[in-house]
Amino acid sequence: MKEMKVSKINNGTVIDHIPPGRALEVLKLLGITGKEGKMILVAMNVTSNRMKGGRKDIVKIEGLYLSEDQIRRIALIAPTATINIIKNREVVEKKGVEIPDEVSGILKCSNPTCITRNEKVRVASKFRVINKNPLRLQCVYCESIIEEEEISKYMVT
Ligand code: CTP
Ligand code: ZN
């Protein structure tokens, strides 16, 4: 038996299978505060058979469709996420997010003395994905590591 956690939406985007506890980080990276006036439904730490640990978060935003750049950013915070595009109450498209091999821009290096943090030199940040699950990134310039749980802290908005 499947139980509805939050009501369905008519048109917009459902970001499902977010790792538990990260829904607010997803909203933050999308730049959504709630002041936009769009209807937003958030469920946190709800049961899920499919997710490791048995829990997930869900974010539903009425009237919003995501850009490719926004989906790339979601992949870094919520690598297990499924993006569902809803039109007239139907799921018209469902896509997983993809973890890239390399991340340029988007994140700032965790090392304050990294060349990419020097405002005079202006070198764009670049990280290699050295592990996908859990996600672990390494700065190409100074070799500093960013762990999955810290990613939202270093995301540039
Ligand atoms: N959904 C919604 N509003 C709609 C249609 C779907 O909020 N009008 C939500 C569902 O509640 C679910 C997600 O969008 O969280 C995906 O819907 P669906 O593909 O029907 O569910 P599942 O088959 O369970 O998806 P999956 O296989 O990805 O778990
Ligand atoms: Zn660095």
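Residues numbered from 1 in each chain as written. Chains lettered and ligands numbered in written order. Predicted model: local features only at pLDDT ≥ 70, side-chain atom pairs only at ≥ 80, totals over all residues. Heavy atoms only, no water.

Colleague: Tell me what's going on with the overall build of the protein, and back it up with residues and numbers.
Modeller: Helix and strand counts for the protein stand at three helices and nine strands. Ordered by position from the N terminus, the helices and strands of the protein form the series β-α-β-β-α-β-β-β-β-β-β-α. Relative to the globule expectation of 15 Å for 157 residues, the C-alpha radius of gyration of the protein, 17 Å, shows essentially globular dimensions. Oriented by its inertia axes, the alpha-carbon framework of the protein measures out at about 55 × 35 × 25 Å. Burial analysis of the protein (157 residues in total) assigns 43% to the buried set. In the protein, the share of contacts with a sequence separation of at least 24, taken over all contacts with a separation of at least 6, comes to 60%. (Helix = DSSP H or I, 4+ residues; strand = E, 2+ residues; numbered from the N terminus. Rg over C-alpha atoms; globule rule 2.2 N^0.38 Å. Buried < 20%, exposed > 50% of the residue type's maximum accessible area, 1.4 Å probe, protein only. Contact = heavy atoms within 4.5 Å.)

Colleague: Describe the environment of Ile74, and please don't skip the residues or the numbers.
Modeller: Take Ile74: it is sitting in helix H2 (residues 68–77). As for Ile74 and Leu30, which are separated by 44 residues in sequence, their C-alpha atoms are 8.3 Å apart. Residues contacting Ile74, with those up to four places away along its chain left out, are Ile15, Val26, Leu29, Leu30, Leu66, Pro79, Ala81, Ile83 and Val97.

Colleague: Talk me through the UniProt feature "domain: Aspartate carbamoyltransferase regulatory subunit C-terminal" (unreviewed entry) in the protein; I want residue IDs and the actual numbers.
Modeller: What UniProt calls "domain: Aspartate carbamoyltransferase regulatory subunit C-terminal" (unreviewed entry) maps, in this numbering, to residues 102–151. The distance from the first to the last C-alpha atom of residues 102–151 is 14 Å, and the span holds 2% helix and 36% strand. (UniProt positions renumbered as here; feature names shortened; annotations may be inferred.)

Colleague: Report on the coordination of the zinc ion (ligand 2), specifying residues and quantitative values.
Modeller: Around the zinc ion (ligand 2), the protein contributes the donor atoms Cys109 (SG), Cys114 (SG), Cys139 (SG) and Cys142 (SG), which lie 2.3 to 2.4 Å from the metal centre. Positions of the donor residues of the zinc ion (ligand 2) along the chain correspond to the pattern C-x4-C-x24-C-x2-C. With a gap of 33 residues between them, Cys109 in the loop between strand S6 (102–104) and strand S7 (126–132) and Cys142 in the loop between strand S8 (135–139) and strand S9 (145–147) connect regions that are remote in the sequence. Looking at Cys109, the relative accessible area reads 0%, which means it is buried. Exposure remark for Cys142: the relative accessible area of 25% places this residue in the partly exposed category. (Donors = N, O, S within 2.8 Å, 3.2 Å for Na, K, Ca; no water.)

Colleague: Outline the domain arrangement of the protein, listing residues and values.
Modeller: Domain annotation for the protein reports domain 1 (12–96) and domain 2 (102–153). With centres defined by C-alpha atoms, the gap from domain 1 to domain 2 works out at 24 Å. Between domain 1 and domain 2, the residue contacts involve eight residues of the former and eight residues of the latter. When residues of domain 1 are sorted by the area they lose upon contact with domain 2, Arg22, Arg73 and Leu76 head the list and together hold 58% of the total. Put simply, domain 1 and domain 2 have one salt bridge between them. (Domains from an automatic or database assignment. Buried area = accessible area lost by both parts, 1.4 Å probe. Salt bridge = Lys/Arg side-chain N within 4 Å of Asp/Glu carboxyl O.)

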